[in-house]
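# Overview (structure and organization)
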Amino acid sequence: MNLENRIAVVTGANKGIGQECVNQLLSKGAIVYGFCRSGCSTNHTNYHCIKTDVRNLESLSAAFKEVTDAHGKVDILINNAGLGYFGFCEELPIEQWQEMFDTNVTGLFYATRLALPSMKTQGLGHIINISSIAGLEGYQQVSGYCATKFAVRGFSDALYKEVRDFGVKVTCVYPGSVKTDFFRHSENITAHDNMLMPEDVASQIIYCLETPPNFHNVNLEIR
């Protein structure tokens, strides 16, 4: 896909992988909408920041309506919004379990559901779902987060088969540890320079988006 003038939506766009995806999409000439719970820091003619919460269907529907009212379509959706909490299963607060599922799984489903109609109508689109290596294998004291990312993996695998005949691609990305503020909830892990850099993960996502119609990265594991 040629990214120039494509309409892209990035959730969780104000930091980390999401922000780097925004910057690199803009550099390719895309028109980008960042969906964030807080204000966005990117300043660019082709960038539009919409304050929304992916966990709230009404809020998210209003954000997508703003995009489709302006452009009539969504070409690219990067489901990046997510968070993780650490702890033993029996000690993990129920509220944290619920917040992870509401954000990492339900919010991703909402956004995908809202983006798909225009993609299927035009016979073109690409959905990028950010999972994690925690969606490929389990890790102790991360059971809740692993459960959400395994759910993203299953959803993505089923969805790509569902929409491929409509010209829509679905790519699930499984990054290892990335140097972002993800580990702010961990007492034992601190982000460091030997981790993946968010700009490098974003560059691989851009590569997937730019592939021709007959080329599809279904799963992308990065360590």
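For the structure given in this document, a descriptive report is provided here. (Residues numbered from 1 in each chain as written. Predicted model: local features only at pLDDT ≥ 70, side-chain atom pairs only at ≥ 80, totals over all residues. Heavy atoms only, no water.)

As a further point, take the pairing of strand β1 (residues 7-11). Within β1, 5 of the 5 residues are buried, which leaves the element mostly enclosed by the surrounding structure. The alternating pattern of β1 places I7, V9 and T11 and A8 and V10 on opposite faces, both of which are buried. Summarising the sheet, β1 and strand β2 (residues 31-36) pair through 5 bridges and their orientation is parallel. By the bridge assignment for β2, T11 is matched with F35. (Buried < 20%, exposed > 50% of the residue type's maximum accessible area, 1.4 Å probe, protein only. Helix = DSSP H or I, 4+ residues; strand = E, 2+ residues; numbered from the N terminus. Pairing = 2+ DSSP bridges.)

For the rest of this paragraph, the subject is the packing of aromatic side chains. Under the criterion given, the structure shown has 4 aromatic pairs. Feature note: the residues F109, Y110 and F155 constitute an aromatic cluster, connected by ring pairs. The cationic tip of K120 hangs over the ring face of F166; the distance from NZ or CZ to the ring centre is 4.2 Å. (Phe/Tyr/Trp six-rings, centres within 6.5 Å; stacked < 30°, edge-to-face > 60°. Lys NZ or Arg CZ within 6 Å of the ring centre and 35° of its normal.)

Here we take up the pairing of strand β5 (residues 125-130). The side chains of a regular strand alternate, first on one face of the sheet and then on the other. Within β5, 6 of the 6 residues are buried, which leaves it mostly tucked inside the rest of the structure. Here β5 shows no split at all, with G125, I127 and N129 on one side and H126, I128 and I130 on the other all buried. Crossover handedness for the path strand β4 (residues 76-79) to helix α3 (residues 94-122) to β5: right-handed. Tracing the backbone out of β5, into helix α4 (residues 143-163) and back to the parallel element strand β6 (residues 168-175) gives a crossover that is right-handed. (Right-handed = clockwise from strand over helix to strand, strands pointing away.)

Our focus in this paragraph is the sheet that holds β4. As summarised here, the arrangement of the 7 strands in space is β3-β2-β1-β4-β5-β6-β7, forming an open sheet in which the pairing is parallel. Strands with a single pairing partner mark the edges of an open sheet, and in this sheet they are β3 (47-51) and β7 (219-222). Geometrically, the sheet is characterised by an average inter-axis angle of 15° between neighbouring strands, direction not taken into account. Bridge count between β1 and β4: 3 bridges; the pairing is parallel. The partner of V9 across the bridge, within β4, is L77. Each of β5 and β6 is contacted by α4, which is oriented at about 160° to β6, the strand it contacts most. The sheet contacts of helix α5 (residues 198-210) involve β4, β5, β6 and β7, and relative to β5 the element is tilted by about 155°. (Axes fitted to C-alpha atoms, helices over the stretch in contact; angles between N-to-C directions. Contact = heavy atoms within 4.5 Å.)

Another aspect to go through is the pattern of salt bridges. Using the criterion set out here, one finds 9 salt bridges in the structure. Two residues, D69 and K65, come together in a salt bridge whose shortest N-O distance is 2.7 Å. Here the residue D69 and the residue K65 both occupy positions in helix α2 (residues 57-71), the gap between them amounting to 4 residues, near one helical turn. Accessibility expressed as a relative area gives 55% for D69, which makes it exposed. Among the salt bridges present, the one from D157 reaches K161, with a minimum N-O distance of 3.3 Å. Separated by 4 residues within a single helix, D157 and K161 lie in helix α4, roughly one turn from each other. Of the residues examined, D157 reaches a relative accessible area of 34% and is grouped as partly exposed. The exposure class of K161 is partly exposed, given its relative accessible area of 47%. What emerges from the salt-bridge pattern is a single network uniting R6, K73 and D75. (Salt bridge = Lys/Arg side-chain N within 4 Å of Asp/Glu carboxyl O.)

A word on the environment of E91. As for its placement among the helices and strands, E91 is situated in the loop between β4 and α3. For the pair E91 and G107, spaced 16 residues apart in sequence, the C-alpha to C-alpha distance is 25 Å.

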